[in-house]
Amino acid sequence: QQPVQSPQAVILREGEDAVINCSSSKALYSVHWYRQKHGEAPVFLMILLKGGEQKGHDKISASFNEKKQQSSLYLTASQLSYSGTYFCGTGVMNRDDKIIFGKGTRLHILP
Amino acid sequence: NAGVTQTPKFRVLKTGQSMTLLCAQDMNHEYMYWYRQDPGMGLRLIHYSVGEGTTAKGEVPDGYNVSRLKKQNFLLGLESAAPSQTSVYFCASSTRQGPYEQYFGPGTRLTVT
């Protein structure tokens, strides 16, 4: 069952912040975030595991609320290069061999 | 290292024709995956493999078959193509040592007329 992402799309100006949410109806062990630019393959951003801490690199970070079965991706002071579609993927088991992706959130950054 | 490569990049088929998509990875990864991507639907898992000689069904396996005869290759077959299989197909691989990230190939754009 696909996780649900919100919003479906967002338009921002360079320098503004964005939050993308991912929720599941199942208990989760892991949440994975990927970004895909138009015409390209998805690229890994980060993984959050059950019992783990909030992760991040540069100005992109994420949190994982196990009780609510939700994750959020935070993009601060957005840059033009952040434009693309963001996908969350969820795993329900420890060392799960597959993840199920959501439908994606399209992010467009204006100069 | 080439990473994950896919062959072909583009293909047009007529309804009822068959074809095989090839995915190859040079990272010695145990796990390999086939996804399809349609507008507004995200990435949907078709089949996957956790090792040479093993395959398993994903979310949308109907109409597809797969084989993993060699660790570095994962083949996706369409026996009788249908217009509903028009899509962009991505292959990915990952290591068994978790937590793991998936490395994606460049994709194959398939059109069935």
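Above this note sits the structure.
Residues numbered from 1 in each chain as written. Chains lettered and ligands numbered in written order. Predicted model: local features only at pLDDT ≥ 70, side-chain atom pairs only at ≥ 80, totals over all residues. Heavy atoms only, no water.

Caption draft 1: Molecular detail of the overall build of chain B. When helices and strands are tallied, chain B shows 0 helices and 11 strands. Overall, chain B shows an N-to-C arrangement of helices and strands of β-β-β-β-β-β-β-β-β-β-β. Along the three orthogonal principal directions, the C-alpha set of chain B runs to about 40 × 30 × 25 Å. Split into buried and exposed, the 113 residues of chain B put 47% on the buried side. At a minimum sequence separation of 6, the contacts of chain B that also span at least 24 residues come to 55%. As displayed, chain B offers around 5,300 Å² of accessible surface, 51% of which is attributable to carbon and sulfur atoms. (Helix = DSSP H or I, 4+ residues; strand = E, 2+ residues; numbered from the N terminus. Buried < 20%, exposed > 50% of the residue type's maximum accessible area, 1.4 Å probe, protein only. Contact = heavy atoms within 4.5 Å. Areas by Shrake-Rupley, 256 points an atom, 1.4 Å probe, with all protein chains shown as cover.)

Caption draft 2: Molecular detail of the state of the cysteines. Residues and elements named next belong to chain B. Applying the stated criterion across every chain, the model contains 2 disulfides over all chains. With a sulfur-sulfur separation of 1.8 Å, Cys23 is cross-linked through a disulfide to Cys91. Note on the Cys23 and Cys91 pair: the S-S dihedral is about -75°, so by sign convention the disulfide is left-handed. Placement of Cys23 in strand 3 (residues 19–25) and of Cys91 in strand 9 (residues 87–94) is noted, with a sequence separation of 68 residues between them. The pair formed by Cys23 and Cys91 is uniform in burial state, with each residue classed as buried. (Disulfide = S-S within 2.5 Å.)

Caption draft 3: Up close: the pairing of strand 8 (residues 73–78) of chain B. Residues and elements named next belong to chain B. When strand 3 meets strand 8, the two strands line up antiparallel, connected through 6 bridges. In the sheet register, Leu21 faces strand 8, and the bridge partner there is Leu76. The hairpin turn running from strand 7 (residues 65–67) into strand 8, its antiparallel successor, is 5 residues long. (Pairing = 2+ DSSP bridges.)

Caption draft 4: Main features of the sheet that holds strand 7 of chain B. Residue and element names in this part refer to chain B. Read across the sheet, 4 strands follow the order 1-3-8-7 without closing on themselves; strand pairing throughout is antiparallel. Of all strands in the sheet, those bounded by a partner on one side alone are strand 1 (4–7) and strand 7. The average undirected angle you get between the axes of adjacent strands in this sheet is 20°. (Axes fitted to C-alpha atoms, helices over the stretch in contact; angles between N-to-C directions.)

Caption draft 5: Fine view of the nonpolar core. Within the largest apolar cluster, 20 residues are counted, with the highest numbers of intra-cluster contacts made by A:Trp33, A:Met46, A:Leu73, A:Leu75, A:Tyr82, A:Tyr86 and A:Leu107. When contributions to this core are tallied by element, the ones reaching two or more residues are strand 3 (18–23), strand 4 (30–36), strand 5 (43–49), strand 7 (60–65), strand 8 (70–75), strand 9 (84–91) and strand 11 (105–110) of chain A. The contact partners of A:Tyr86, leaving out residues within four places of it in the chain, are A:Gln5, A:Ile20, A:Tyr34, A:Arg35, A:Leu45, A:Leu73, A:Leu75, A:Gly104, A:Thr105 and A:Leu107. Grouped together as the second largest cluster of nonpolar side chains are 18 residues, B:Leu13, B:Cys23, B:Ala81 and B:Cys91 included. (Core = buried A, V, L, I, M, F, W, Y, C linked by side-chain atoms within 4.5 Å.)

Caption draft 6: Spatial organisation of the packing of aromatic side chains. Evaluation of the coordinates by the stated rule reveals 11 aromatic pairs over all chains. An angle of 80° between the planes, with centres 5.7 Å apart, marks the rings of A:Tyr34 and B:Phe104 as edge-to-face. One end of the pair, A:Tyr34, is in strand 4; the other, B:Phe104, is in strand 10 (residues 103–104), on a second chain. Grouping residues by exposure puts A:Tyr34 and B:Phe104 together as buried. The interplanar angle of 80° and the centroid separation of 6.4 Å between the aromatic rings of B:Phe90 and B:Phe104 together place this pair among those described as edge-to-face. Residue B:Phe90 is located in strand 9, and its partner B:Phe104 is located in strand 10; the two are separated by 14 residues in the primary sequence. Relative accessible area serves as the criterion here: at 3%, B:Phe90 is assigned to the buried category. Accessibility expressed as a relative area gives 11% for B:Phe104, which makes it buried. (Phe/Tyr/Trp six-rings, centres within 6.5 Å; stacked < 30°, edge-to-face > 60°.)

Bear in mind that shape data such as this cannot, by itself, settle questions of function.
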